[in-house]
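# Close look at the chain arrangement
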Amino acid sequence: MKKQEDYTTSFVVEQSPEKVFAAVVNPRAWWSEDIDGETNKLDAIFYYHFKDIHRGTFKVTELVPGKKVVWHVVQNYFNFVKDATEWTGTNVVFDIAPTDKGTELRFTHVGLKPSEECYDVCHDSWRFYVASLRDLISTGKGQPNKGEENANPTVVPQNADIGLERKAASDGAEIIVMTTAAAKPGIESKVRDALRDVAGAARKQSGCIDYSVFRSQAEPNVTICVERWASRQERDAFLGSADARNFVSAITGAFLERPSPISYTTLEVGS
């Protein structure tokens, strides 16, 4: 990936462009149940929130049935980066086109670039949600964030002192990814077996420095995965492998809440 390239990904499904379009404009079924406002009308405004971590205001600026959808990010707030307004002014674009095998959907977040501090977390999150959108189209069921109580989801807080700064991984830099997840009661052993399998497969891949899985002593159903990769590109290559896809299939629906991977790079500290 070039240093300033916008994040983009695509997939092909057997369904028609009309069905793909219908799924895209229903983000509550693949992105989050915590979306307020209309999402299927031109110039409509809608609001998204995820706990106190991410809130945003979006405007539907293009809506061409069966062909294209564009969301403009009017305002945005993150609580985990120095510039909490990253994403503001960017565009989320869905291009839909028929192919010999069905329909291709190309997802592009115009303005989300590797130079952005939030890029690693957003890259991993969009990868998950685009896969959820594909599942919604193909099977009729996506994997959106579950709804939660929120007194005022339409408010995007003003930029403030976030406290903890995280350094975005540049191309070729070592990356560390930590994922905490709580398994649903009764299937803890199934989750642990799947984690052991994917860890063993990852350790054999080029660029994997370490892939360790830990279990909480206080809460036995909670596991923590710590991955170390020589670069983000090599981790991405593994995420696209058959081993990783088998892992996702094995653990789908196994957790109390959707796991949220967080990416880090080493902070250079002076003597």
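Use the structure listed above.
Description of the structure in this document. Given the structure is predicted, the values throughout are model-derived calculations rather than measurements. The numbering scheme is per chain: residues are counted from 1 as the chain's sequence reads. Only residues with pLDDT of at least 70 get local features here, since the model is predicted, and only at 80 or more are side-chain atom pairs given and counted; chain-wide, interface and lining totals rely on the full set of residues. No hydrogens and no water enter the side-chain calculation; it runs on all heavy atoms of the structure.

### Things to note about the sheet that holds strand β1 (residues 7–13)
Put simply, the rule is: Two strands are counted as paired when DSSP detects at least two bridges linking them. By definition, any uninterrupted DSSP run of H or I lasting at least four residues is a helix, any uninterrupted run of E lasting at least two residues is a strand, and each is numbered from the N terminus. Interaxial angle, 0 to 180 degrees, is taken between N-to-C directions of lines fitted to C-alpha atoms, where a helix line uses only the stretch in contact. Here, residues are in contact when the closest pair of their heavy atoms is within 4.5 Å.
Spatial strand order, β1-β7-β6-β5-β4-β3-β2: seven strands in an open sheet with antiparallel pairing. Either end of the sheet is taken by a strand with one partner, and the two such strands are β1 and β2 (35–37). For this sheet, the mean inter-axis angle between neighbouring strands, taken without regard to orientation, is 20 degrees. Judged from the three bridges that link them, β2 and strand β3 (residues 45–50) form a sheet pairing that is antiparallel. Looking at β3, one finds that D36 is bridged to Y47. Against the sheet, helix α1 (residues 17–24) makes contact with β1, β4 (54–64), β5 (68–78), β6 (91–99) and β7 (102–110), and its axis sits at roughly 160 degrees relative to β6, the strand it touches most. Where helix α2 (residues 119–139) meets the sheet, its contacts fall on β1, β5, β6 and β7, and the angle it forms with β1 comes to roughly 15 degrees.

### Quick word on the environment of Y129
Structurally, the position occupied by Y129 is in helix α2. Considering only alpha carbons, one finds Y129 and N145, 16 residues apart in sequence, at a separation of 9.3 Å. Ignoring anything within four residues of it in the chain, the contact list for Y129 reads W30, W31, N145 and R258.

### Remarks on the packing of helix α3 (residues 188–203) against helix α5 (residues 242–251)
Rules: With respect to orientation, any angle under 35 degrees is reported as roughly parallel, any angle over 145 as roughly antiparallel, any angle of 65 to 115 as roughly perpendicular, and every other angle as oblique. Gly counts as polar in this scheme, as do all residues outside two lists: the nonpolar Ala, Val, Leu, Ile, Met, Phe, Trp, Tyr, Cys and Pro, and the charged Asp, Glu, Lys and Arg.
At a minimum axis separation of 10 Å, α3 and α5 run at an interaxial angle of 170 degrees. Classified by the angle between their axes, α3 and α5 sit roughly antiparallel to one another. Of the residues in α5, those in contact with K190, A194, L195, V198 and A201 of α3 are D243, F247, A250 and I251. Split by residue class, the contact of α3 with α5 holds seven nonpolar, no polar and two charged.

### Points about α3
For the α-helix, the turn length of 3.6 residues means that residues three or four positions removed from each other point alike. The line we're drawing: By this rule the span expected of a helix is its residue count minus one, scaled by 1.5 Å. With a 1.4 Å probe rolled over the protein chains alone, any residue whose accessible area is under 20% of its type maximum counts as buried; one over 50% counts as exposed, and the rest are partly exposed. Throughout, the arc means the angular range of directions from the helix axis out to the C-beta atoms.
The first and last C-alpha atoms of α3 sit 23 Å apart over 16 residues, in line with the 22 Å expected at 1.5 Å per residue. Of all the residues in α3, the buried ones are V191, A194, L195, V198, A199, A201 and A202. The buried residues of α3 occupy an angular sector of 165 degrees when the element is viewed end-on, so they sit on one face. More than 90 degrees from the buried face of α3, the exposed residues found are R196 and D197. Considering only its buried residues, α3 is in contact with β9 (208–215), β10 (222–229), α4 (232–239) and α5.

### Points about the side chain of S32
Note the following rule: Whenever two N or O atoms come within 3.5 Å, that pair is a polar contact, provided that in protein one can donate a hydrogen and the other can accept it, and provided that, for residues adjacent in sequence, both atoms are side-chain atoms.
Secondary-structure assignment places S32 in the loop between α1 and β2. Of the polar contacts made by the side chain of S32, one reaches the backbone nitrogen of D34; its length is 2.9 Å. Apart from the residues lying within four places of it in its own chain, the contact partners of S32 are P27, Y48, H49, P144 and N145.

### With respect to the pairing of β9
Where β9 meets β10, seven bridges bridge the pair, whose relative direction is antiparallel. Looking across to β10, one finds that R215 is bridged to T223.

### Some points on the state of the cysteines
Every disulfide links exactly two cysteines, by a covalent bond between their sulfur atoms. We apply this condition: By convention in this document, the label disulfide applies to cysteine sulfur atom pairs within 2.5 Å.
Inspection of the entire model under this criterion finds zero disulfides. Its sulfur unpaired, C118 is 3.2 Å from the next cysteine sulfur, which belongs to C122.

### Comments concerning α4
Taken together, the buried positions of α4 are R232, R235 and F238. All buried residues of α4 project into a common sector of 120 degrees when viewed along the axis, lining one side. Where α4 is buried, its residues touch α2, β8 (175–182), α3, β10 and α5.

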